[in-house]
Structures are given as structure tokens and as C-alpha cells.
Amino acid sequence: MDKNNDSDVVKEEIPERRGWSNQVEFFFSCVGYAVGLGNIWRFPYLAFQYGGGSFLVPYVIMLVICGLPLFFLELAFGQFGSQGPITIWRVCPLFTGVGVAMVLISLMVCLYYNIIIMYGIFYFLNSLIYLDEALPWSTCGNTWNTKYCITERPDFSAMSETKAMNITLDRMDPVCVSQMLASANMSKTSSNFTLNYTLSSLSMCDMAVLPSEEYFTRFVLKLHEAENIGDLGGMSFKLLALLALTWLIQFIGLRRGVETSGKIIYFLASFPYVVLIALLIRGVTLEGYMKGIEFYVIPKWEKLNNINVWRDAATQIFYSLGPAFGTLITMASYNPFKHNCYRDAILVAVINCSTSIFAGFVIFSMLGYMAHVTNQDVQSVTSSGPGLVFVVYPEGIARMPAAPVWACLFFIMLISLGLDSQLAMFETVISAIIDQFPSALRKRRVMFTFICHVIGFLLGVPMVTYGGIWVLTILNTYSASYALMLTCLCELIALNYVYGNKNLCSDINIMLGFTPNWYWRSCWMVITPLTIVTMMILSGVQYTPVDYGGYEFEPWAQGVGFATVGLPILAILGGAVIQIYRFGGIRPAIQPHPLWGPANSTHRTGKYAISNQGFQSEVELYQVTPHISTVMATQRVENNGSSNVGLVGGY
């Protein structure tokens, strides 16, 4: 702090907001953020479920009318304002809560996303330990396995019917079999109690499970030792230690913001492609690979009549490109003012979608091989989410020659895909808070970042209990669902209808040298908002309670999930009420703050010039205005012996 003897102003030096070392770092960071675990565990499953190649039709359409417009909008918005997702709402203070909602959503997603990265580290370390042996999830007979564990489905064609019946019944739940037979007025001595009847009518009693599934649920998670979501059981200390390691790795990457994360991202964003190419080459040399690829690419056009196809295509695009998390705004805010973010938006969106399609070939070549060796249909070995990544993939890899090597590569790829998205999202949380209190926190960036990581670790502890996967499932399902779509809708309304689409396009013209054409404007104003509203309605109408492995969570747990939806919505509504109170009404609260505009004074020309307000610098203006609502701030500044008085509205 120093006092200017020529004025009444007490000035405090605010540390400079640092940016990317070069624009390649920004581009790689965008690619790393957009290309994440969803490209590996969700897109291939949806493509298979909804008609293979025909799913690409709604997928590309949703990219054009929803994903790409939102991606470019947030990059341009963040780059023009050069602020984090909260302070950037100087453009329209009434919607400051939208920025808070973005930060809350990113925080909740970060909590469970780090758990998935932790699982990847666990599998990677175990792959290294068993580098010269069979992978632990490839065999039955281990201490964690049950009698229902099988490595392959038996071929009954070479057995007598009696032997086949005994093998089949042995892997079935006896209580379930008795109930099913009683309901059909049959017994095991009935003449029509045949092998075909057992395989068809009693299939729901089949308890057979692959060793990879028991390894994940019984050894990694110890899920069998948890009663229900209300009694999560004991703590898994091996997972707790790995969770601490995961947050420590993330802290090292974020301790100095984009200065450090920008360097790491070169490896994190590019290495997954090396592994995907290697896995594809290996996959197409495996027996039965073509069976999987045929299931993936052969179109089933009749599937397009199902409304769920279009809803899930929109959802996949929405969550894959990641608008409304505040992350795109944060990353773009570190760009030079004249950077061509328009080019980056198109390139990153195309790369993201191309990666999803390419990953589908990799995944289904492996699933085809797995279906071949287990004597099943491809459909029977396909699942989504954590089950696909930590059960199906490890099972397929375990059956490859040199399995531990391929397992190491696969899980390094998984960790890389998770980390680059995680670094971007958690940087959003940290930057948003630092931008709110720059003078207090920018000088203490490392310490504040460390505190944030410790808090994140503590909040993630419930997910490393024996029933922690249930907590993860609740967060994964609810935290970035309705609230994310509503936040995105509010963002579109604020920028295009309150601030004004003409003003928005004018700002982009100042920055990039061109005005967005009819495609961008029609999407921002009409098409994309209608798409989001439709998604929200369909999601609400087709809502089903969340479950994991057939266990439907209790109503109170579903309520906790909806509470995570309510937090961001409450932030939006509460933020609006607070701003209306501070500004003394809605009309002044929707007017752009005097500080809205380019951060660099050399770009603050025309309507964004602040020199005529009577302040010597943007920092001086900032010091006076943020803490006042509708009261006008009067500041006396000496300038060549004369006095100027500047009046500005509060923020």
C-alpha cells in the first residue's frame, strides 16, 4: 500500500493476471479439456445402443446447432472480458449468480472426477506390479473371488445335457431358482425342466460374473462390505492414500495456474492419441475384432425414430464440449485480446468429435475380441460409464498377449484424459475466487491453491469408503444435469437478450475483426436455447431414479442428488436478488458495469474508454466501485492542478 500525496486516493497494487506462455498451450488445453473420459466410456456405448453409424446423424446435427455455437460463444466471451466466470458478469450484474453456478458445478464434478482418476492410478500401479505375471483381474480363485466367477462361458454343445444343467444351476442363485420354479408350478424333476428352459426362463437367476468385475467391486471397492448408501461401511485406506496422491499431482500442475498447467498439457493432451493408435493397431490384429466393428458401424436407420437417440446425442455433445462449466471462459480469459478464438473453437470441436468416433473403432475392436473369447454376443459385453472402463476394458486387455504392457498404456491414457479435464475445471474454481479478491490472493496463489486442494481431498473422502461408488454415482448423475442446462440457458438469455445480441456481435467484431454471421446469431438467439429447453423437458419427463448395479437408491439419497441440482439454481436466483437489492432495482442491475470490456487499456476505446470518468487507472476505478450498489461513488483526483469528479455505478 502506498499513498499518493497528490490525491486523496489510497492505492493498492494488484498483481498482474498472468496468461498463457503461447497460444499453442491454450489450444492444447482446450483439446485436453474437451477430449475426456466421456469420449472413451460414453460415446461408443451410445453409438452401439442407438444404431451404430446412424447415431452419427443426430450427433453431428447436435454439434452444429448446440455444441459449436456454445463453444465459440464462451471462448469469445471469456477472451473479450479477460475475467473468470464470476467477475466477467460485469457485462450484466443481474446474472452474477450464473458465474457462481458455473463454479459450483465445476467443483462438484471435480470431486468425483478425481476419484475416477484415482481408480486409474490404482489399476496402473497394479499393472506395473504384475508386469511379469498374469494380471490380478484375469483369473478366478483369488481371495476376493466367489464361486460364481468364470473366465469363459462354457460351450454346452460338447457336453451332455445333465452336465450342462449342473454347471448352469451351480452358477445360479438357488433362492431365485426356487421362486421362479414355484411361480411356474414346476420342479427340478419336471419333464419340461430342460437346459433350454433353464437358459431362457431362469436367465435372470444367473450369477456368473467375470473376474474383472469381482476385482473391481470386491477388491478395489470392497462394495460387498457396505450395507447401503446410508451405511457406507469402513474406509479403504489404500484408496484414501491414492486419493491424496491424486490431489497432490493436481496441485503440482496448478500451483502457479496456467504457467504450470500449460506446460503439462502438452503431454496430457497428446499422449492419449498415441495410445489410441497403438490400441487400434493391436485391436485389429485380434481374432473376432471385425464382429465388434460391424456392430459399431453398420447403420440401423430405424433407431432414428426413437426420441431418446436425439436427446442422448444432444447430451453427449453438451457434456463433451463442456459449456457452462466456466472452464472455457476461464481458459479464454488468459488469451491475448486479438487471438483468433473463432478458429480454435471450430478446430477443437471437430477434433473432439473425431476423437469420439475414432475411439469407437478402438473400443469395439476390443469388444469384438472379448465377445469371441467369451462365446457371447457383443451386446452382452457392452456397458457404459465406470463399468466399461474398469470392468470391460480390463477384461479385454487381460486376454491380450503381453497384457500387463497394454494395461499400463491404457491406464496411463485414462489418467491423462482425466487429468487434463480435471486441471482445467479446478483451475476454473481457483481463478474465479482469486479474481474476486485479487489484491489478497494473487500474491498468495500457491498457498491458496494448496488450501483448495486440501478441501477438495476432504470432500472426496466419502467416495473412498466401501460404498463410495454409490456417492460417486449420485454426483455423476445429478451434479451436472438439469442445473448445467439451466445455467447455459441463462447465459444465452443474458448475453443475447439482456446485454443484446447486437452488442455481443459488436464486441466480437472489435476483438476478431468480423461480425458473426446469421448461423451464429440464429443459433445463439433461437435454435440453441430451444434445443436446451427441449433437452430439459425430455430429461424431466423421462426421469428414472438412479441406481447402481440394480440397487436403486433410497428416496432420501435421490433427494440429496436433487440438492446438488438445487445449489447452482439457488446461486442463480440468490445472485439476482442480491444484485437487484444492491442496485436498487432490475433496470440498473442489467446495465453493464463501467469496468466491463477489454482488460488492457490499449483496447479500451470508444464506448469502453474510462479516462473520461476522472480516474487515473482501471485499478483505481476498480477500488472505488465494487463495494457500492446504486450509490454513486465520487472520487477526487488531482490532474495538473485541476480537480475532476467521476461518477460510476457500483458493481
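Residues numbered from 1 in each chain as written. Predicted model: local features only at pLDDT ≥ 70, side-chain atom pairs only at ≥ 80, totals over all residues. Heavy atoms only, no water.

Chemist: Could you clarify how one ought to interpret the overall build of the protein in this entry?
Modeler: Regarding its fold elements, the protein presents 26 helices and six strands. Pairs at least 24 apart in sequence give 80% of the contacts found in the protein among residues at least 6 apart. Element-wise, carbon and sulfur atoms account for 62% of the exposed surface of the protein, whose accessible area totals about 26300 Å². (Helix = DSSP H or I, 4+ residues; strand = E, 2+ residues; numbered from the N terminus. Contact = heavy atoms within 4.5 Å. Areas by Shrake-Rupley, 256 points an atom, 1.4 Å probe, with all protein chains shown as cover.)

Chemist: Is there a simple way to think about empty space enclosed by the protein in this case?
Modeler: A probe as big as a water molecule, rolled over the atoms, marks out the empty space that is left. Enumeration over the complete set of coordinates arrives at two cavities of 30 Å³ or more. Put simply, the parts of the chain that give the lining of the second largest cavity at least two residues each are helix 4 (56-81) and helix 22 (501-512). (1 Å grid on protein atoms, 1.4 Å probe; cavity = no way out; pocket = protein on both sides within 12 Å on 5 of 7 lines; lining within 4 Å. Points joined across faces, edges and corners; volume = space filled by probe spheres on them.)

Chemist: How should I be thinking about the pattern of salt bridges in this particular structure?
Modeler: Oppositely charged side chains are able to pair whenever their charged atoms sit close together. All told, the structure shown has five salt bridges when counted by the stated rule. For the salt bridge of Glu395 with Arg399, the shortest nitrogen-to-oxygen distance reads 2.7 Å. The exposure class of Glu395 is buried, given its relative accessible area of 1%. A relative accessible area of 18% places Arg399 in the buried class. (Salt bridge = Lys/Arg side-chain N within 4 Å of Asp/Glu carboxyl O. Buried < 20%, exposed > 50% of the residue type's maximum accessible area, 1.4 Å probe, protein only.)

Chemist: How should I be thinking about the environment of Ser522 in this particular structure?
Modeler: Locating Ser522 in the fold gives a position in helix 23 (residues 518-541). A relative accessible area of 24% means that Ser522 is categorised as partly exposed. A polar side-chain atom of Ser522 sits 2.7 Å from the main-chain carbonyl oxygen of Trp518. (Polar contact = N/O pair within 3.5 Å; in protein donor to acceptor, adjacent residues only side chain to side chain.)

Chemist: Looking at this structure, I do not really get the state of the cysteines. What am I missing?
Modeler: Among covalent bonds in proteins, the disulfide is the one between the sulfur atoms of two cysteines. Applying the stated criterion across every chain yields a total of one disulfide. The closest cysteine sulfur to the non-disulfide-bonded Cys66 is located on Cys488, 6.8 Å from its own sulfur. (Disulfide = S-S within 2.5 Å.)

Chemist: Honestly, the nonpolar core in this entry has me stumped. Any pointers?
Modeler: Nonpolar side chains tend to gather and get buried jointly when the protein is soluble and globular. Judged by nonpolar contacts, the single largest core of 187 residues is most densely connected at Tyr119 and Phe216. Ranked by the residues each element gives to this core, the list is headed by helix 5 (residues 96-129), at 18 residues. Discounting chain neighbours no more than four positions away, the residues touching Phe216 are Tyr119, Tyr123, Leu221, Phe390, Val391, Ile469 and Tyr548. If you look at the next biggest cluster of nonpolar residues, it comprises five residues, including Met172, Val177, Leu181 and Cys205. (Core = buried A, V, L, I, M, F, W, Y, C linked by side-chain atoms within 4.5 Å.)

Chemist: How should I be thinking about the UniProt feature "binding site: Na(+) 1" (unreviewed entry) in the protein in this particular structure?
Modeler: Residues given the UniProt feature "binding site: Na(+) 1" (unreviewed entry) here are Gly32, Ala34, Val35, Asn39, Leu417, Asp420 and Ser421. Of the residues just listed, which span 390 residues, no C-alpha pair is farther apart than 13.4 Å, and they cluster in one region. Tracing the backbone shows Leu417 in helix 17 (residues 403-436). Classification of Leu417 by relative accessible area gives buried; the value is 3%. Look past the residues within four positions of Leu417 in its chain and what remains in contact with it is Val35, Gly36, Leu37, Ile40, Tyr113 and Pro272. Considering the arrangement of structural elements, one finds Ser421 in helix 17. Aside from chain neighbours lying at most four places away, what touches Ser421 is Gly32, Tyr33, Val35, Gly36 and Tyr113. (UniProt positions renumbered as here; feature names shortened; annotations may be inferred.)

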